[in-house]
Amino acid sequence: MKLVSKMICSAVLFVGAASAASAKTCDLSIEGSDAMQFNKKELDGTGCTEVKLTLKHSGKLPKAAMGHNWILSATADKAKIVDAGTKAGPANGYTPTAPAIIARTKLLGGGESETITFKTDKMKKGGDYVFFCTFPGHVSMMSGKFKF
Ligand code: CO
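Residues numbered from 1 in each chain as written. Predicted model: local features only at pLDDT ≥ 70, side-chain atom pairs only at ≥ 80, totals over all residues. Heavy atoms only, no water.

Participant: Sorry, what's going on with the packing of aromatic side chains here?
Facilitator: In this description, an aromatic ring pair is defined by two values, namely the gap between the centres and the angle between the planes. Within the structure shown, the criterion is met by six aromatic pairs. With 6.3 Å between their ring centres and 90° between their planes, Tyr-129 and Phe-148 make a pair best called edge-to-face. On the criterion of sequence distance, the pair formed by Tyr-129 in strand E7 (residues 129–132) and Phe-148 in the segment after strand E8 (143–147) is long-range, its members being 19 residues apart. Of the two residues, Tyr-129 and Phe-148, neither departs from the other in class, the shared state being buried. Through successive ring pairs, a cluster of aromatic residues spans Phe-38, Trp-70, Phe-118, Phe-131 and Phe-146. (Phe/Tyr/Trp six-rings, centres within 6.5 Å; stacked < 30°, edge-to-face > 60°. Helix = DSSP H or I, 4+ residues; strand = E, 2+ residues; numbered from the N terminus. Buried < 20%, exposed > 50% of the residue type's maximum accessible area, 1.4 Å probe, protein only.)

Here is the structure:
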């Protein structure tokens with residue numbers, strides 16, 4: 001009897017520890033430059049239940065000439081989101097609101113930065129995810145893998 005209650009007690013402790021460990025906010029950051037490039041080709045969100053992502057435009061050019069945003073989606077949705085970005089036009093910072101987008105920043109110009117926070121509960125572990133910029137013409141240079 002004594003042993004059983006001891007076992008129940010440690011089982012409760014274990015469950016408590018597991019749920020505390022499963023919530024994890026990760027700080028990730030990336031920069032976009034005047035050379036139309038991100039400074040990272042890959043970001044790792046493995047095990048993160050929430051991501052705090054900072055995009056910084058490290059250059060000096062205005063956003064009308066060299067704007068950068070950061071958009072996260074499944075790789076399969078990338079092409080249609082890039083299309084939607086072009087159609088969104090300069091008034092919307094070439095940043096679409098397509099439902100397939102998992103997370104996005106606004107369009108930034110030189111010297112600007114933005115931090116966004118998003119939950120990863122709809123993402124699949126080991127899934128194929130990509131981040132990219134939807135300013136017209138940038139996607140071929142500004143694209144990277146988001147590990148999850
Ligand atoms: Co860009």
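Participant: Explain the coordination of the cobalt ion here, please?
Facilitator: Each pair of donors in an ideal octahedron of six around a metal sits at 90 or 180 degrees, and each pair in an ideal tetrahedron of four sits at 109.5 degrees. Taken together, the protein donors to the cobalt ion comprise Gly-67 (O), His-68 (ND1), Cys-133 (SG) and His-138 (ND1), at separations of 2.1 to 2.6 Å. Classification of the site at the cobalt ion rests on its four donor atoms, whose angles at the metal span 77 to 133°, yielding the label irregular. All donors of the cobalt ion come from a single chain, and their spacing in sequence reads G-H-x64-C-x4-H. Summarising the burial analysis for this pair, Cys-133 and His-138 share the class buried. (Donors = N, O, S within 2.8 Å, 3.2 Å for Na, K, Ca; no water. Tetrahedral: all angles 85-135°; square planar, octahedral: opposite > 155°, others 65-115°.)

Participant: So what exactly am I meant to see when it comes to the sheet that holds E7 here?
Facilitator: Hydrogen bonds between backbone groups are what pair the strands of a sheet, and the pairing can be parallel or antiparallel. The mixed open sheet is built from five strands, whose spatial order is E2-E8-E7-E4-E5. Of all strands in the sheet, those bounded by a partner on one side alone are strand E2 (42–44) and strand E5 (103–104). Strand direction decides the pairing type here: strand E4 (residues 71–74) and E5, joined by two bridges, are antiparallel. The residue bridging Leu-72 from the neighbouring strand is Ala-103, located in E5. (Pairing = 2+ DSSP bridges.)

Participant: Mind showing me how you'd approach the pairing of strand E3 (residues 50–57) here?
Facilitator: The alternating pattern of E3 places Val-51, Leu-53, Leu-55 and His-57 on a buried face, while none of Glu-50, Lys-52, Thr-54 and Lys-56, on the opposite face, is buried. In this structure, strand E1 (residues 25–32) lies alongside E3, joined through eight bridges in parallel fashion. Residue Ile-30 lies in a different strand from E3, and its bridge partner there is Leu-55. Two elements, E3 and strand E6 (residues 113–119), share seven bridges in a ladder whose sense is antiparallel. The partner of Val-51 across the bridge, within E6, is Phe-118.

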